[in-house]
Each structure stands twice: as C-alpha cells, then as structure tokens.
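Below are the chains, spelled out letter by letter.
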Amino acid sequence: MIDRAVATEGVTNASAMHDALKISRLVLSPAILAGLIMLPWFGDFGLQRLLVEAFTLFAIALAWNLLAGYGGLVAIGLHFFVGVGSYALFSISNVLHLNPWVALPLATACTAVTALISAWPMFRLSGAYFAVGTWVLAEITRIAVLNTGWLGAGAGMPLEMISSFDRWSRNANVYWAALAIGAGSLVLTVAMLRSRLGLALKSVRDSEVAALASGVPASRAKLALWVIAGSIAGTAGAVSYMSTLQVTPDASFSLSWTASAIFIVVLGGIGTVEGPIVGTFVYFALREAFAGFGSWYFIGLGSLAVAMMIGAPGGAWSLVQRFYPIDLFGIRRRMPTVIVHHNATGAS
Amino acid sequence: MPTGQASHRLILGCDMSTLIETLINGLLLGALYALFGLGLSISLGVMRMINIAHGDLIVVGAYIASVVTQAAGVHALTSLVIVVPVMFAIGWLLQRTLLNHVVGRNVFAPLLVTFGLSVVIQNLLQEMCTADTRSIRAENISQIGFDIGGVSIGLLPLLSAGVSVGLFALTHAIVGRTHYGRQSRAVADDPSTARLVGIDDKNFLAIVTGFALAATAFAAVLYAIRTPFSPTAGPERLLYSFEAVVLGGLGNLWGTFLGGLIIGVAQLLGARVSSGLGPFFGHLVFLVILLARPQGLFARAAR
C-alpha cells in the first residue's frame, strides 16, 4: 500500500513537472529565440561571429549525435557533408550568380541527394567498417576536390556574390542563417524523435533484433536518419563558410569538424538532445577561457573527454539528470499511469 | 621493328621494367602499411577495440626513437632496444589505467576514449618537441639500393618488408601455439567465459596492448627512417592502418597483411597515373573492394 502511495505521488509529481515544462517551453523558447534574432542590433561583430561558430558547430554535433546516439552509426567521416555542403553553396552561388542565402536551400538539397547516393555504398558496411568507410569517403572526396580545377583546386574559391552586401547586413544575415540552422536543426530533431521515426530508431538502438521482429523497418529508418543528419551537417558547413568567405578542400573536408562534434557530444551527453546543447556551452566556455594556453588547452580538453567517458559516460547532462530528472523536450516516452500502479502493487 | 615492340611493352604509360619496379615497391610499401596495421589488428581482434590513437602512438614511437638516437648517439635500428620496451610499457600502462575501464562496454566507449587520447598525444608532442617536422638519419640503410635485372630496389623498403613478415609470422606463432595465444583466442571469442575459467583478463589485456605497441615500435622506427614526421602525422598513419585491417577483415592477421599490400600497390600504381593521386587510388581500391566484400576479404565467420 505504501509503495502504491509513493508510486502515485511520483506519477503526480512527474506529470506536474511535465506540465510545468510544457508551459515553460511555450513561453521561454519564443522569448529566447526573439532575443537571439534581435542580437545584430545590439551585439558587436565579434559576438556575432562567435555565435555563428557556436550555432553551426552545435548543428553538426547534433547531426553526429543523431547518427551515433540514435542510429548506432559511428561516422568518423561526418566532415564529408560539411565539405559537400560548403562546396555546393559556393559553386551554386558563383556559377548561377545567385544570392548566397537563396543558394543555401539548394546546397541543402545537394547534400540530401549526396547523402542518399552515398548511403548505397556506406550502408553495405556496418560497425567499424562503416566508421572507417565514411572517413575514407571524406578523404577521397577531399583529394578529388583538391585536384579539380574548376573547384579552385588547393586554393579553393571565394564566395563572389557576397561582396555586394555591406558589412553590417552581411554579418547580420550570416548570423541569422546560423541561428536558423541551429534552431531549425533542434526543432527538426525534436520533431523527428517524437514521431514514429524516432520511436523506430530508439527501438532499433535498444535492440535491433527485437525491433526487426516487431516489424520496425530498421534500414529505412536509418536511411532517413542518414539523409537528415547529412543535410543538417552540410547546411551548417555551408553557413559556416559563408562567414569565412573562402572555402578550401583541406579546411572544409577536415577531420577537425568531426572531432569538435565528438567533443561536444561526449562532454554534453551522447544519445540525448540536451547533451549537444550543454556540450556546446561547455565547449565554447572552455575555449573562450583557455584557448590562450594553446596546446595545453587541447591537452586539457582531451583529458576531460577521456575522464568523462570513463567516469560519466552519459556526459554532463547525465550528471544534471542524476539530481534533476527532467526531459526538456518531451522526447522520452512515459509509461502510462495504469502500468506504473500495476508494477507498484506487484512489487509490494 | 623497334617502335612496334616499344608500344607493345607500354602498360599504364610506362614500360615493363618500370611497371615491375612499381609493383615490387608497392608490395614493399604495403608490407610497411601492414606493419602499421598489426597493432590495430591485434587490439581489434582480441578486444573489439577501435583505437583511434593508434596513428599517434606510431608517431610517439618515432619521437622516442629520435630522442634515443640523438641522446645516445646510436644508430636508428639500435634504438629499437629501448623503443620496443618503452612502447610495451606505454601500452601496458594505457590498458591498465584507461582502456580496461571501457573495453567491452559498447562500441563507442573505447573509440571515444582513444579519440580523446589522440588529441592529448598530438598536443603533448607539439608542446614537448615543437610542431616542426623531424627525421631520423640513417644513410647507411636509407640510401642503399640494389639493381636486379634493371629493377632497382632500396635496402630500407626491403628491410621493412622483412621485419613486417617476421613480426606477422611471430604473432601468428604466438596466437596459434602458445598459452598466451590460447588465452587471447578465448578472450576474443567470449570474454566472460574466459574470465570464468580463470583468465585474469585485466592483466592479460594489458599484456596484449603492450605487445601490440611493441610491434608498433618496429613500424614507428622504420617509418621514421623512411619519412619525415611531425606531431600531427598520426591520423594519416591511422587511416592507412585502418584500411589494411578493415580490407583484410577484422581479426584476421594475414588478412591485415594482404590488405596492407593491396593499399601499397594501389597507391604506387596510382602515383604513376598522376603523382598527386597515390593515396586517392589507395582509398578508391579500398572502397571498391569493401563494396564487393563488406566484411573485408577474409572476415572471421560471424558468431
């Protein structure tokens, strides 16, 4: 009886908390978003540039986390999409003389198609083979671009059309594009995880055999995930190079993109949506505070990641969850109340 | 008919003897790549552990060799007397202090820990030894070559290939015939049962990683004599090692050796087509073979 009372109270608490979260989501997110949209009118260029970096890297980390944390797909070569997305944007804008912001959705479409095509070879592989396969794919594309004359070879190419904008509107528009990809990828991820696709993915992640036996179309769900994650990473890459004005094969197809994404996800918490958010905060806070220490900063960052994986494999978010078990985005499926009652009676 | 004869002997834009020379040098280079992959193959085969820091550990070996040759004034090959035990100790310590915590947990844990380790190693090397490229001079082996029937072969590649074959054979013998080998196969097949029948797996895995890094030490010294290196040279070494291991099939020792040979030959033949495209053709051949056989050439039968 006591158990049942506790259980019922727990359920009431949980649903009260759920309602509170729902309300705060409805009120807080538009407020935060509105504040961020207005930033160009009161923030300086330095802050804008930092946030462009943070939003784009957040989106790439979210994409890596989607693949690894929800699809069980460890892609060491996620930077393949960063390169493809940025080159797609630059070449479309330069060849068609298009406004880069108009070209951006086209670049997203390009990465989505590339993801779809690359899925054919990559999805024949699994586990470690897949991890290495994606890396080789990124590397082979880098060398191919490096040797392609009309893509500017090793020197890369500038974004010609952007010079027609004045400095303020250029910075502000790049910032808004970054905010759009950061917030947009978050909304898309949450919507996806709450949909049937999300449920399918989570069931595959927890037990692929059981999921297949219950009729979950595992490979189709993974393909959808690959295309979504690839498009997010590609668009984020494109926006990121919009702000640097020049794209080169060695920088855009660089392993360091995937490395930063992995850091963010490991620090924040793999397999959660909150993880990459927390991770991005931690990553940029550490960088702004300690980047002056050069190599020692990276040594500290690497050691922190190692310590995190050994001591708290769920990342910083799992440490928060230990004390405040909240589900910010309402993604976790809660067990119906009746079943909780049943279990409590059974246990007592 | 001299012209007709000449065109008859032209393949890939070069004459027959150049082609044979490229093939032989590709095989010799490939044997070195296989040796890069040996340590990775061992840790993947026994522990299912993807060691992202493997390439950086090769570079660590190269730096230790460079320090030893300078400090003691000895020949690069003599430095192995110190480099091999030091690398064994590093491997043993890494496994005991860090990797044992994450082995067997899931696929990501070891991968992400070694990823962090890789960043730490690269930056420690940069801090201690500067970012400049270094090389180890050993003219008495790197400058000597033989001319066999119009085909010239360097002493160093020949020596590397010999060491590689020797170490693969040694590993093969250890895995197949010794008590340690039986233990390693038992742990690879079923870690928990192996523990049940009395294998101290924590200590055993430390010895395995020690051995893997001792083998890597040979690769490191031969690499350091062959090519200048810098603290950030690791990831590229890792990629070639990975390609050799994955191409051969995870956990298959001689598969790794053959995988290395294929990558080596593909790179040098590719470099004949266009000098900058050697690695490109290596990667291309890797992907094409993997598409035909997604589990590698000689995958161990699925359990």
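What counts and what doesn't
Residues numbered from 1 in each chain as written. Chains lettered and ligands numbered in written order. Predicted model: local features only at pLDDT ≥ 70, side-chain atom pairs only at ≥ 80, totals over all residues. Helix = DSSP H or I, 4+ residues; strand = E, 2+ residues; numbered from the N terminus. Rg over C-alpha atoms; globule rule 2.2 N^0.38 Å. Buried ≥ 20, exposed ≤ 12 C-beta atoms within 10 Å, placed from the backbone. Contact = placed C-beta atoms within 7 Å. Nonpolar A, V, L, I, M, F, W, Y, C, P; charged D, E, K, R; others polar. Core = buried A, V, L, I, M, F, W, Y, C linked by C-beta atoms within 7 Å. Axes fitted to C-alpha atoms, helices over the stretch in contact; angles between N-to-C directions. Parallel < 35°, antiparallel > 145°, perpendicular 65-115°, else oblique. Left-handed = near helix turned anticlockwise from the far one by under 90°. Pairing = 2+ DSSP bridges. Arc of directions from axis to C-beta. pLDDT = per-residue confidence, 0-100. Expected span 1.5 Å × (residues − 1).

**Q** Tell me about the overall build of chain B, residues and numbers included.
**A** For chain B, the count of helices and strands is 13 helices and two strands. The C-alpha radius of gyration computed for chain B amounts to 20 Å, which stays within 12% of the reference 19 Å derived for 303 residues, consistent with globular compactness. Principal axes of the C-alpha set define a box for chain B whose edges measure 75 × 50 × 35 Å.

**Q** Lay out the overall build of chain A in plain terms, naming residues and giving numbers.
**A** When helices and strands are counted, chain A shows 15 helices and two strands. Out of the 348 residues belonging to chain A, those deemed buried represent 42%.

**Q** Run through the interface of chain A and chain B, naming residues and quoting values.
**A** Contacts between chain A and chain B engage 34 residues on the former and 36 residues on the latter. For the side of chain A that touches chain B, the elements supplying multiple residues, two or more each, are α5 (127-146), α11 (255-268) and α13 (295-311) of chain A. Per-element accounting of the side of chain A that touches chain B gives the leading share, 12 residues, to α5(A). For the side of chain A that touches chain B, a count of residues per class yields 26 nonpolar, six polar and two charged.

**Q** Quick rundown of the nonpolar core? Include the residues and the values.
**A** Core analysis: the largest hydrophobic core is formed by 186 residues, its most contacted members being Ile60(A), Ala63(A), Trp64(A) and Val221(B). Take this core: its biggest share by element is 17 residues, from helix α10 (residues 201-226) of chain B. Not counting the four nearest positions on each side in its chain, Ile60(A) is found in contact with Leu78(A), Val82(A), Ala233(A), Ala236(A), Trp257(A) and Ala261(A).

**Q** Outline the packing of helix α12 (residues 253-273) of chain B against helix α13 (residues 278-292) of chain B, listing residues and values.
**A** All names here are of chain B. Between α12 and α13, whose axes approach to 7 Å, the crossing angle comes to 135 degrees. Between α12 and α13, the crossing angle belongs to the class labelled oblique. In the packing of α12 onto α13, the handedness of the crossing is right-handed. Every residue of α13 that contacts α12 at Ile262, Ile263, Ala266, Gln267, Leu268, Leu269, Gly270 and Ala271 is listed here: Gly278, Pro279, Phe280, Phe281, Gly282, Val285 and Phe286. Of the residues belonging to the contact of α12 with α13, the class tally is 11 nonpolar, four polar and no charged.

**Q** Could you give an account of the pairing of strand β1 (residues 145-148) of chain B, with specific residues and numbers?
**A** Residues and elements named next belong to chain B. Examined bridge by bridge, β1 and strand β2 (residues 151-154) share four bridges and lie antiparallel to one another. Among the inter-strand pairings, Asp147 is bridged to a residue of β2, identified as Ser152. Turn length for the β1-β2 hairpin, with the two strands adjacent in sequence and antiparallel, is two residues, and the turn residue Gly149 shows positive phi of about 55 degrees.

**Q** How would you explain unusual backbone geometry if you had to name every residue and give the values?
**A** One non-glycine residue, His97(A), lies in the positive phi region at around 50 degrees. Unusually for a residue other than glycine, Arg48(B) sits at a positive phi of about 55 degrees. Relative to the helices and strands, Arg48(B) resides in the loop between α2 (16-47) and α3 (54-72).

**Q** Account for the environment of Ala31(B), with residues named and values stated.
**A** For Ala31(B), the position within the fold is in helix α2. Taking the C-alpha atoms as reference points, Ala31(B) and Val265(B), 234 residues apart in sequence, are found 9.9 Å from one another.

**Q** I'd like a description of the packing of helix α6 (residues 167-194) of chain A against helix α9 (residues 218-244) of chain A, backed by residues and values.
**A** Residues and elements named next belong to chain A. For the pair α6 and α9, interaxial distance at closest approach is 9 Å and the crossing angle is 170 degrees. In terms of orientation, α6 lies roughly antiparallel with respect to α9. Classified by chirality, the crossing of α9 by α6 is left-handed. Residues Val174, Ala177, Ala178, Ile181, Ser185 and Met192 of α6 form the contact with α9, whose own contacting residues are Ile228, Ile232, Thr235, Ala236, Val239, Met242 and Ser243.

**Q** Before we move on, could you go through the environment of Leu117(B) and cite the residues and values that matter?
**A** By secondary structure assignment, the location of Leu117(B) is in helix α5 (residues 108-129). Through-space distance from the C-alpha of Leu117(B) to that of Asn51(B) is 9.5 Å; in sequence the pair is 66 residues apart. The residues touching Leu117(B), leaving out its near neighbours within four places in the chain, are Gly302(A), Val306(A) and Ala53(B).

**Q** Residue-level account of helix α8 (residues 179-189) of chain B, with values.
**A** Those residues of α8(B) that fall on the buried side of the exposure criterion are Gln183(B), Ser184(B) and Val187(B). When α8(B) is viewed along its axis, its buried side chains cluster within an angular range of 100 degrees and face the same direction.

**Q** Requested: an account of the confidence of the model for chain B, with residues and values cited.
**A** All names here are of chain B. On average, residues of chain B score 85 in pLDDT, and 94% of them reach the 70 mark or higher. Within chain B, the element-level pLDDT minimum falls on helix α1 (residues 2-8), averaging 44, and the maximum on helix α4 (residues 80-97), averaging 93. pLDDT under 50 marks residues 1-9. Its contacts with residues more than four places away, or in other chains, come to two contacts.

**Q** A description of the confidence of the model for chain A should follow, citing residues and the corresponding values.
**A** Residue and element names in this part refer to chain A. For chain A, per-residue confidence averages 84 on the pLDDT scale, and 90% of positions sit at 70 or higher. For chain A, per-element mean pLDDT is lowest for helix α15 (residues 337-347), which scores 47, and highest for helix α3 (residues 79-96), which scores 93. Contacts of residues 1-10 to residues separated by more than four positions or lying in other chains number 11 contacts, the stretch itself having pLDDT below 50. With pLDDT under 50 throughout, residues 339-348 is counted as low confidence; its partners more than four residues away or in other chains account for 13 contacts.

**Q** Explain α9(A) residue by residue, including any values.
**A** Residue and element names in this part refer to chain A. The terminal C-alpha atoms of α9 lie 39 Å apart, and with 27 residues this matches the ideal 39 Å at 1.5 Å per residue to within 8%. With respect to burial, α9 is a largely interior element, 20 of its 27 residues being buried. Directly after α9, the chain includes Leu245, whose backbone phi takes a positive value near 70 degrees.

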